[in-house]
Amino acid sequence: MSKKVLVLKGGFSAEREVSLVTGESVAKALRHKGYDVIEHDLQNGFELVRVLEKEKPDVVFNALHGNFGEDGEIQGFLDILQVPYTHSGVEASLIGMDKFLAKEICRQNGIKVAEGEKKTYADYLQKGTTILMPYVVKPVSDGSSVGVFIVKNKEDADKVFYDNPSREILIEKFIDGKELTCMVLEGEAYVVTELRPQKEAFYNYESKYTDGMTLHVLPAEIPDEAAEMCKKYAKKLHQVLGCNGVSRCDFRYNEKDGVVFLEINTNPGLTSLSLVPEQAKYVGISYEDLCAKLVETAVCRPIKHD
Ligand SMILES: Nc1ncnc2c1ncn2[C@@H]1O[C@H](COP(=O)(O)OP(=O)(O)O)[C@@H](O)[C@H]1O
Ligand SMILES: [Mg+2]
């Protein structure tokens, strides 16, 4: 009998729309592979419990991004319900979603990060920052370049805005150079993609999700040592955090600074435009096989009475 998979998509984060697209393409691919697939747009926890009780899926495919989906919340929920789910568990998801914490773990493991500090937006407005321009301001936990500001001068600094004063932000030295990304699938890193934005000076939300706005150079046009470093860093962090299934690390690279880690995505996008499916395809793993691999590696935290 084929496995029953509930594809969990949508959710409550700023990346809801991307998640809906990811969820739809994953569901389609899994149906092609012969799985019995149900799609569920996460709007309410009680409703999810009712669907799980009714459908009794063997696996939840976690196609959520951002808060509640990628940060350990849904993972803990499914652990308690004892339903196996794709991608990482609570701890890796939580650390991965927190750009500050993830950088701390990198630092402890010899992965180079940009100098930076964490504070609330209110604090930044009142006291400014010790980081010299040019710098980047971004939310500690959000994805898809939502709320990322590049500050090169006073005018840019005036544009930094968040509607919540207590929002935690990261102020980080701007690393000039190339934008790189590397997937780790079942513990292995294969290839590095270089992202060349065609319009904006940086890789923003619009260019990430609009076809043709960003050129994906695969493999990246960087020295071999730099590519090896990206793969080594991505594999190391995946392993140290105890990630499951697939993860993707973003980096910047220039000759002077070398490879600098930006962030890890424990639920990287899986739309047709996304980077992970593209790297998988490059190494001979089709989109359908990639989705099936994630289903087959799904787990939840075992309940032990000790
Ligand atoms: N320290 C930095 N130096 C240069 N560019 C940065 C830096 N931090 C972020 N960026 C730019 O902003 C984009 C989004 O930042 P990132 O940390 O990857 O967060 P997310 O993708 O979750 O929004 C990056 O892809 C990069 O183009
Ligand atoms: Mg990123």
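For the structure, check the block above.
Summary of the structure given here. (Residues numbered from 1 in each chain as written. Chains lettered and ligands numbered in written order. Predicted model: local features only at pLDDT ≥ 70, side-chain atom pairs only at ≥ 80, totals over all residues. Heavy atoms only, no water.)

Observations regarding the overall build of the chain
- Across its full length, the chain carries 11 helices and 12 strands.
- For a compact globule of 306 residues, the expected C-alpha radius of gyration is about 19 Å, and the chain comes in at 19 Å, within 12% of that figure.
- Each of the three principal axes of the chain carries a C-alpha extent, and together these read 60 × 45 × 40 Å.
- The buried share among the 306 residues of the chain stands at 53%. (Helix = DSSP H or I, 4+ residues; strand = E, 2+ residues; numbered from the N terminus. Rg over C-alpha atoms; globule rule 2.2 N^0.38 Å. Buried < 20%, exposed > 50% of the residue type's maximum accessible area, 1.4 Å probe, protein only.)

Focus on the nonpolar core
- By size, the foremost hydrophobic cluster in this structure holds 28 residues, and its most contacted members are Leu 237, Phe 251 and Phe 261.
- Elements represented by at least two residues in this core include exactly helix H4 (90–97), helix H5 (99–108), strand E8 (178–185), strand E9 (188–197), helix H9 (224–241), strand E11 (246–254) and strand E12 (258–265).
- Looking at which element gives the most residues to this core, the answer is H9, with seven residues.
- When residues no more than four places from it in sequence are discounted, the contact partners of Phe 251 are Lys 178, Glu 179, Leu 180, Cys 182, Cys 230, Tyr 233, Ala 234, Val 259, Val 260, Phe 261 and Leu 262. (Core = buried A, V, L, I, M, F, W, Y, C linked by side-chain atoms within 4.5 Å. Contact = heavy atoms within 4.5 Å.)

Points about the pattern of salt bridges
- By the definition in use, this model includes 26 salt bridges.
- Its salt-bridge partner being Asp 41, residue Arg 16 comes within 2.8 Å of it at the nearest N-O pair. Pair noted here: Arg 16 is in helix H1 (residues 16–32) and Asp 41 is in strand E2 (residues 36–42), with a separation of 25 residues, a long-range link.
- A salt bridge links Lys 178 to Glu 194; the nearest nitrogen and oxygen atoms lie 3.3 Å apart. Taken together, the residues span a long stretch of sequence, with Lys 178 in strand E8 and Glu 194 in strand E9 at a distance of 16 residues.
- Residue classification places Glu 194 among the buried positions, given a relative accessible area of 1%. (Salt bridge = Lys/Arg side-chain N within 4 Å of Asp/Glu carboxyl O.)

Regarding the packing of helix H2 (residues 45–55) against helix H3 (residues 73–81)
- It is at 12 Å that the axes of H2 and H3 come closest, and there the two elements cross at 40 degrees. Looking at the two axes, H2 sits oblique to H3. The crossing of H2 and H3 is right-handed. Residues Gly 45, Leu 48, Val 49 and Leu 52 of H2 touch H3, and the partners they reach there are Ile 74, Phe 77, Leu 78 and Leu 81.
- When the residues that make up the contact of H2 with H3 are grouped by side-chain class, the tally is seven nonpolar, one polar and no charged. (Axes fitted to C-alpha atoms, helices over the stretch in contact; angles between N-to-C directions. Parallel < 35°, antiparallel > 145°, perpendicular 65-115°, else oblique. Left-handed = near helix turned anticlockwise from the far one by under 90°. Nonpolar A, V, L, I, M, F, W, Y, C, P; charged D, E, K, R; others polar.)

Describing the layout of surface pockets
- Taken as a whole, the largest pocket holds about 170 Å³ of empty space.
- If you trace the largest pocket, you find it lined by Ser 25, Thr 271, Ser 272, Ser 274, Pro 277, Glu 278, Lys 281, Ser 286 and Tyr 287.
- Top element by residues in the lining of the largest pocket is helix H10 (residues 275–282). It accounts for three residues.
- For the lining of the largest pocket, the residue count by class is two nonpolar, five polar and two charged. (1 Å grid on protein atoms, 1.4 Å probe; cavity = no way out; pocket = protein on both sides within 12 Å on 5 of 7 lines; lining within 4 Å. Points joined across faces, edges and corners; volume = space filled by probe spheres on them.)

Some points on the packing of aromatic side chains
- The full count for this structure, using the stated rule, is seven aromatic pairs.
- Centre to centre, the rings of Phe 12 and Phe 68 are 5.3 Å apart; their planes meet at 85 degrees, and the pair counts as edge-to-face. Of this pair, Phe 12 sits in the loop between strand E1 (4–10) and H1 while Phe 68 sits in the loop between strand E3 (59–62) and H3, and the two are 56 residues apart along the sequence.
- Given a relative accessible area of 41%, Phe 68 falls into the partly exposed group.
- Ring geometry for Tyr 121 against Phe 161: centres 6.3 Å apart, planes inclined by 90 degrees, an arrangement best described as edge-to-face. Taken together, the positions of Tyr 121 in helix H6 (residues 121–127) and Phe 161 in the loop between helix H7 (154–159) and strand E7 (168–173) put the pair 40 residues apart, joining distant regions of the chain.
- Using a relative accessible area of 54% as the deciding quantity, one classes Phe 161 as exposed.
- Ring pairs connect the aromatic residues Tyr 121, Phe 149, Phe 161 and Tyr 162, which therefore count as one cluster. (Phe/Tyr/Trp six-rings, centres within 6.5 Å; stacked < 30°, edge-to-face > 60°.)

A look at the environment of Ile 264
- Along the chain, Ile 264 falls in strand E12.
- The spatial distance from the C-alpha of Ile 264 to the C-alpha of Arg 196 is 19 Å, given a sequence separation of 68 residues.
- Residues contacting Ile 264, with those up to four places away along its chain left out, are Gly 96, Ala 102, Leu 237, Leu 241, Cys 243, Ser 247, Arg 248 and Cys 249.

Section: H9
- With 18 residues, H9 ought to run about 26 Å at 1.5 Å a step, and its terminal C-alpha atoms sit 26 Å apart, in line with that.
- Taken together, the buried positions of H9 are Ala 226, Ala 227, Cys 230, Lys 231, Tyr 233, Ala 234, Leu 237, His 238 and Leu 241. The buried residues of H9 all sit within an arc of 160 degrees when viewed along its axis, so they share a single face. The exposed set on the far side of H9, more than 90 degrees from its buried face, consists of Asp 224, Glu 225, Lys 232 and Gln 239.
- Looking at the buried positions of H9, the neighbouring elements they touch are H4, H5, E8, E9, E11 and E12.
- Once H9 ends, the next one or two residues include Gly 242, with phi positive near 75 degrees. (Expected span 1.5 Å × (residues − 1). Arc of directions from axis to C-beta.)

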